[in-house]
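# Structural characterization, general
Chain by chain, the residues run as shown.
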Amino acid sequence: QVQLVESGGGLVRPGGSLRLSCAASERFGGRYVMAWFRQVAGKEREPVAAISSNGSSDYDDSVKGRFTISRDDAKNTMYLEMNSLKPEDTAVYYCNVKVFEIPPTMSEYWGQGTQVIVSS
């Protein structure tokens, strides 16, 4: 069973920065998408950024230009660099991986989440 462990959350002032990490228990092969989601209490979990196995990335409009997603395949780790943080970025951030295999199947894994609080 794949395990994903997030770290790097915490309390930061508006305008500050944080870097989240998601360490996977194994390396993914073939086609996959690694992503960050976030969730505020009482609201649905929403996608923040994603990076695919071919290296392409995508961002929610609310974080474009401020957040950067990346991965280090040698360390089986994905990162989310968050700059110019705003109070509305406050949420629990979750790591997600979708692995696409043949026959057409998809396996999905979630981390336990890490809390980010942006407040003065």
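Look up: the structure comes first, before these words.
Below: a short report on this structure. (Residues numbered from 1 in each chain as written. Predicted model: local features only at pLDDT ≥ 70, side-chain atom pairs only at ≥ 80, totals over all residues. Heavy atoms only, no water.)

### Some points on the pairing of strand S4 (residues 31–39)
Bridge count for S4 against strand S9 (residues 91–101) is nine bridges, and the pairing is antiparallel. Considered in S9, the bridge of Arg31 is made with Phe100. In this structure, S4 lies alongside strand S5 (residues 46–52), joined through six bridges in antiparallel fashion. Paired with Ala35 across the strands is Ala50, a residue of S5. Hairpin remark: S4 followed by S5, antiparallel, with six residues in the connecting loop; positive phi at Gly42, about 85°. (Pairing = 2+ DSSP bridges. Helix = DSSP H or I, 4+ residues; strand = E, 2+ residues; numbered from the N terminus.)

### Some remarks on empty space enclosed by the protein
Applying the stated rule across the entire model yields one cavity of 30 Å³ or more. As a volume, the largest cavity reaches approximately 90 Å³. Lining the largest cavity are Ala24, Glu26, Arg27, Phe28, Tyr32, Met34, Arg71, Asp72, Asp73, Asn76 and Thr77. Taken together, the elements giving at least two residues each to the lining of the largest cavity come down to S4 and strand S7 (67–72). Across the lining of the largest cavity, the residue classes break down as four nonpolar, two polar and five charged. (1 Å grid on protein atoms, 1.4 Å probe; cavity = no way out; pocket = protein on both sides within 12 Å on 5 of 7 lines; lining within 4 Å. Points joined across faces, edges and corners; volume = space filled by probe spheres on them. Nonpolar A, V, L, I, M, F, W, Y, C, P; charged D, E, K, R; others polar.)

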